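# Fold and geometry: a report
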Amino acid sequence: MANKLVWEYRPEPPKEAVKGLAHTLFKEELPWHDTIARLLLQRGISSFDQAKAFFNPSLADLHNPYQMKDMDLAVERILSAIDQEQPILIYGDYDVDGTCSVAVLYLFLSAIYPHVFTYVPDRYREGYGVSTQGIDFADDNEIPLIITLDCGIKSHERVVYARERGIDMIITDHHTPSDTLPEAVAVLNPKRADCPYPYKELCGCGIGFKLVQALCTALNLPSETAYRYLDLVALATCADIVPLTGENRILVHAGLQLINQQPSEVMQLLLASAKHPVEVRDLVFVAAPRVNAAGRMQHAEKAVRLLTGQDLDEADTLEYLNTQRKTTDEQITDEALRMIVLDREETAPATVVFSPHWHKGVIGIVASRLIETYYRPTIVFTQSGEVLAASARSVKGFNLYEALCECQDELIQFGGHTAAAGMTLHPDNYERFKQKFQEVVERTLPPALRAPKLLLSGELPLSDITYTFYRCLQRFAPFGPKNMTPIFYAHNVLAKEVRRVGKDFSHLRMILNDPKSNHDFVAVGFGLGYQESLVESGEPLTVAYQLTENSWQGRTSLELIVKAVKIMTSDQ
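The model shown is predicted, which means the values in this text are computed figures rather than measured ones.

## Points about the overall build of the chain
- Each helix and strand counted, the chain has 20 helices and 18 strands in total.
- In terms of its C-alpha atoms, the chain occupies a principal-axis envelope of roughly 75 × 60 × 45 Å.
- Put simply, the chain has 572 residues, and 54% of those count as buried.
- The contacts in the chain between residues at least 6 apart in sequence include a share of 66% that link residues at least 24 apart.
- Of the roughly 26,000 Å² of accessible surface on the chain, a fraction of 50% belongs to carbon and sulfur atoms.
- Put simply, the chain has 55 plus and 73 minus side-chain charges, and the middle of one group is 6 Å from the middle of the other.

## Some words on unusual backbone geometry
- In this chain, His276 is followed by Pro277 through a cis amide linkage whose omega measures 0°.
- Omega for the bond connecting Ala477 with Pro478 falls within 30 degrees of zero, at 5°, which places this linkage in the cis form.
- With respect to the helices, strands and loops of the structure, Pro478 is situated in the loop between helix H19 (467–474) and strand E14 (488–501).
- In this structure, Glu142 takes a positive phi of about 55° despite not being glycine.

## Observations concerning the state of the cysteines
- Scanning all chains against the criterion turns up 0 disulfides.
- Not part of a disulfide, Cys203 finds its nearest cysteine sulfur in Cys205, a span of 5.4 Å.
- With no disulfide of its own, Cys238 has Cys203 as its nearest cysteine by sulfur position, at a separation of 9.0 Å.
- For Cys238, a relative accessible area of 4% puts it in the buried group.

## Topic: the side chain of Glu301
- Structurally, Glu301 can be placed in helix H14 (residues 301–307).
- In this structure, Glu301 is buried with no salt-bridge partner, the nearest side chain bearing the opposite charge being Arg305 at 5.1 Å.
- Only 3.2 Å separates the side chain of Glu301 from the side chain of Thr118, close enough to count as a polar contact.
- Contact partners of Glu301, with chain neighbours within four places excluded, come to Thr118, Tyr119 and Val120.

## Some points on the environment of Lys566
- Mapped onto the fold, Lys566 is located in strand E18 (residues 555–567).
- If sequence neighbours within four positions are ignored, Lys566 has contacts with Trp7, Tyr9, Leu534, Leu541 and Thr542.

## Concerning the sheet that holds strand E5 (residues 168–172)
- Ordered in space as E3-E2-E4-E5-E6, the 5 strands form an open sheet in which the pairing is parallel. The strands lining the two open edges of the sheet, one partner per strand, are strand E3 (116–119) and strand E6 (186–188). Each strand of the sheet is rotated relative to its neighbour by a mean of 20°, with strand direction disregarded.
- Here 5 bridges tie strand E2 (residues 88–92) to strand E4 (residues 145–149), and the two strands are oriented parallel to one another. Among the inter-strand pairings, Gly92 is bridged to a residue of E4, identified as Leu149.

## Examining the packing of helix H15 (residues 314–342) against helix H16 (residues 363–373)
- Closest axis-to-axis distance for the H15/H16 pair is 9 Å, and the angle between their directions is 50°. The angle between the axes of H15 and H16 places the two elements in the oblique class. The handedness of the crossing between H15 and H16 comes out as right-handed. Residue-level contacts link Arg325, Asp329, Ile332, Thr333, Ala336 and Leu337 of H15 to Ile365, Val366, Arg369, Leu370 and Thr373 of H16.
- Tallied by class, residues from the contact of H15 with H16 come to 6 nonpolar, 2 polar and 3 charged.

## Considering the nonpolar core
- One finds Ile78, Leu109, Ile147, Leu211, Leu235, Leu271 and Leu283 to be the most contacted residues of the largest nonpolar core, which totals 81 residues.
- The leading source of residues in this core is helix H5 (residues 96–112), at 9 residues.
- Excluding its chain neighbours within four sequence positions, the residues that come into contact with Leu235 are Val96, Cys100, Met267, Leu270, Leu283, Ala287, Ala288 and Val291.
- Counting residues in hydrophobic clusters, the runner-up holds 41 residues, among them Phe54, Phe479, Phe488 and Val543.

## Overview of the domain arrangement of the chain
- On domain assignment, one finds that the chain holds domain 1 (6–53 + 454–567), domain 2 (65–313) and domain 3 (348–449).
- With centres defined by C-alpha atoms, the gap from domain 2 to domain 3 works out at 27 Å.
- Listed as interface residues are 8 residues of domain 2 and, on the opposing side, 10 residues of domain 3.
- For the domain 2 and domain 3 pair, buried surface summed over both sides reaches about 890 Å², with 51% attributable to carbon and sulfur atoms.
- Ranking the residues of domain 2 by area buried against domain 3 places Tyr124, Lys154 and Arg296 at the top, with a combined share of 49%.
- The interface formed by domain 2 and domain 3 contains 0 salt bridges.
- Across the domain 2-domain 3 interface, the total number found is 5 residue pairs in polar contact (both at pLDDT 80 or more).
- Of the residues in the side of domain 2 that touches domain 3, the class split is 2 nonpolar, 3 polar and 3 charged.

## Looking at the sheet that holds strand E9 (residues 387–393)
- Read across the open sheet, the 5 strands follow the order E7-E8-E9-E11-E10; overall the sheet is mixed. Sheet topology places strand E7 (351–354) and strand E10 (413–416) at the edges, where each strand pairs with a single neighbour. The sheet shows a mean angle of 15° between the axes of neighbouring strands, taken without regard to direction.
- Where strand E8 (residues 378–384) lies against E9, 7 bridges are found, and the strand directions are antiparallel. Following the sheet pairing, Phe381 is matched in E9 by Ala390.
- Sheet strands in contact with H16 are E7, E8 and E9, and its direction is about 45° off that of E9.

## Description of the environment of Ala390
- Structurally, the position occupied by Ala390 is in strand E9.
- With 139 residues separating them along the chain, Ala390 and Gly529 place their C-alpha atoms 34 Å apart.
- Dropping the residues within four chain positions of it, Ala390 is found in contact with Ile363, Ile379, Val380, Phe381, Ala421, Gly422 and Met423.

## Quick look at H16
- Among the residues making up H16, those that are buried are Ile363, Gly364, Ile365, Val366, Ala367, Leu370 and Ile371.
- At its buried positions, H16 is contacted by helix H13 (280–297), H15, E7, E8 and E9.

Cut-offs and rules
Residues numbered from 1 in each chain as written. Predicted model: local features only at pLDDT ≥ 70, side-chain atom pairs only at ≥ 80, totals over all residues. Heavy atoms only, no water. Helix = DSSP H or I, 4+ residues; strand = E, 2+ residues; numbered from the N terminus. Buried < 20%, exposed > 50% of the residue type's maximum accessible area, 1.4 Å probe, protein only. Contact = heavy atoms within 4.5 Å. Areas by Shrake-Rupley, 256 points an atom, 1.4 Å probe, with all protein chains shown as cover. Lys, Arg positive; Asp, Glu negative; His and termini not counted. Charge placed at Lys NZ, Arg CZ, Asp CG, Glu CD. Disulfide = S-S within 2.5 Å. Salt bridge = Lys/Arg side-chain N within 4 Å of Asp/Glu carboxyl O. Polar contact = N/O pair within 3.5 Å; in protein donor to acceptor, adjacent residues only side chain to side chain. Pairing = 2+ DSSP bridges. Axes fitted to C-alpha atoms, helices over the stretch in contact; angles between N-to-C directions. Parallel < 35°, antiparallel > 145°, perpendicular 65-115°, else oblique. Left-handed = near helix turned anticlockwise from the far one by under 90°. Nonpolar A, V, L, I, M, F, W, Y, C, P; charged D, E, K, R; others polar. Core = buried A, V, L, I, M, F, W, Y, C linked by side-chain atoms within 4.5 Å. Domains from an automatic or database assignment. Buried area = accessible area lost by both parts, 1.4 Å probe.

Encoded structure:
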């Protein structure tokens, strides 16, 4: 089943605003100046000073970490532990965000204090969040302070369990809190209702970094002490798919600079196959899957040992595990797709599938892959001991967490946010949950959100493309959620030398010509092989595309990545 792609056009800012900002930014007047001004206005940037700050992300613009609720309490308890020579346990989730968080705080604290330990739960024996096994580990080793990272915001009972054993907990987490908070010594979460911290979209590692910043202030350490960990913060931020706006954009920009200019040995190992300079997509598609593979296929402690530099040989282990992960998730995806067809659920409002033998470590990836074929909220269940465990993924604009709240009577526990979630339930409740979840999606998912959208930033004729424009466009980086790489469209484009490429011939390679200027651009359309006959029909086309730079044998040129194409209509 092919998902029908909907072309959606960003609202055009008022022409006078576009012209006014372009005039403010540029001394001369060139066709593409309006395009840059329009892109800035679409991001809420309307003045010279705002544009200057956007184009020059600065660590000096980071917020004071003590603006975060309970930050003073967290710092006070950590310093007290150090003064009393109490051991500290750093407890993190098993994904990239969690393991990077653990690594950042461990590297900082262990450099100034010897009694620091780490703990990452086993995905299969302990599951997500704070586990009793982790608390028992602290108890058995006489550790009176646990700091959680990227988890714990809903661990009310676990906090009580720890306190009964004389263990204090500091919770740092970015996930959506419940109406009540755990009664921990401190709860660091910008999303808590009473937290005045100005920026709400930090990932777990971002909050851990703010804690390190606050500790640097309390210990009279230079701010640069915290900045040495920005490569890990950037990796976690990009991997967790949080918005690349505000502080996140500053942190990722600085982290990428560190990776490209002074890469650690760890980053060199994780990014060995990436091209230079390293970009966001390299962190997301090269480094992150390798780090994630540890927790998915064996144990995330392997990733922590690598990220902290304790065992660089773990890089080879992670590479092997990632290869194993790829094979496993491809097999499960194929099986799930066949299951949907056999059960005649191709047109169901949501995908909910289950098999007891599916690997728990990859079901989140499988959920994302299923959405590529059936564009709708998706939940993939597998057997986990005596219960069923699931990973869920949403479609753009649909609040998955709120939908699960309506089904919580059928669940043992659940957590997550708008776009992704995890849950467990008793096997007897599976069919009731599946029916209820599909009913909720059917009732609450608007028709406009039931097809994938191609969000277009505006028209950019091929004749307006120059290297100067491209260099200016690159200053919008780092690109990511809420600051995506712009997709432009151009009318009256002619195609020639069209051919299918790739192992399965599913892609198109072509030359696109702009009749107005007679400029030719090499273009590639990934996954567009099925449109070969349309593209080579000789009819004028409307093309949606992104700009990229290609280097080959010492020569560089601008090329187009075609996202979609259609025959130009008479009114265009």
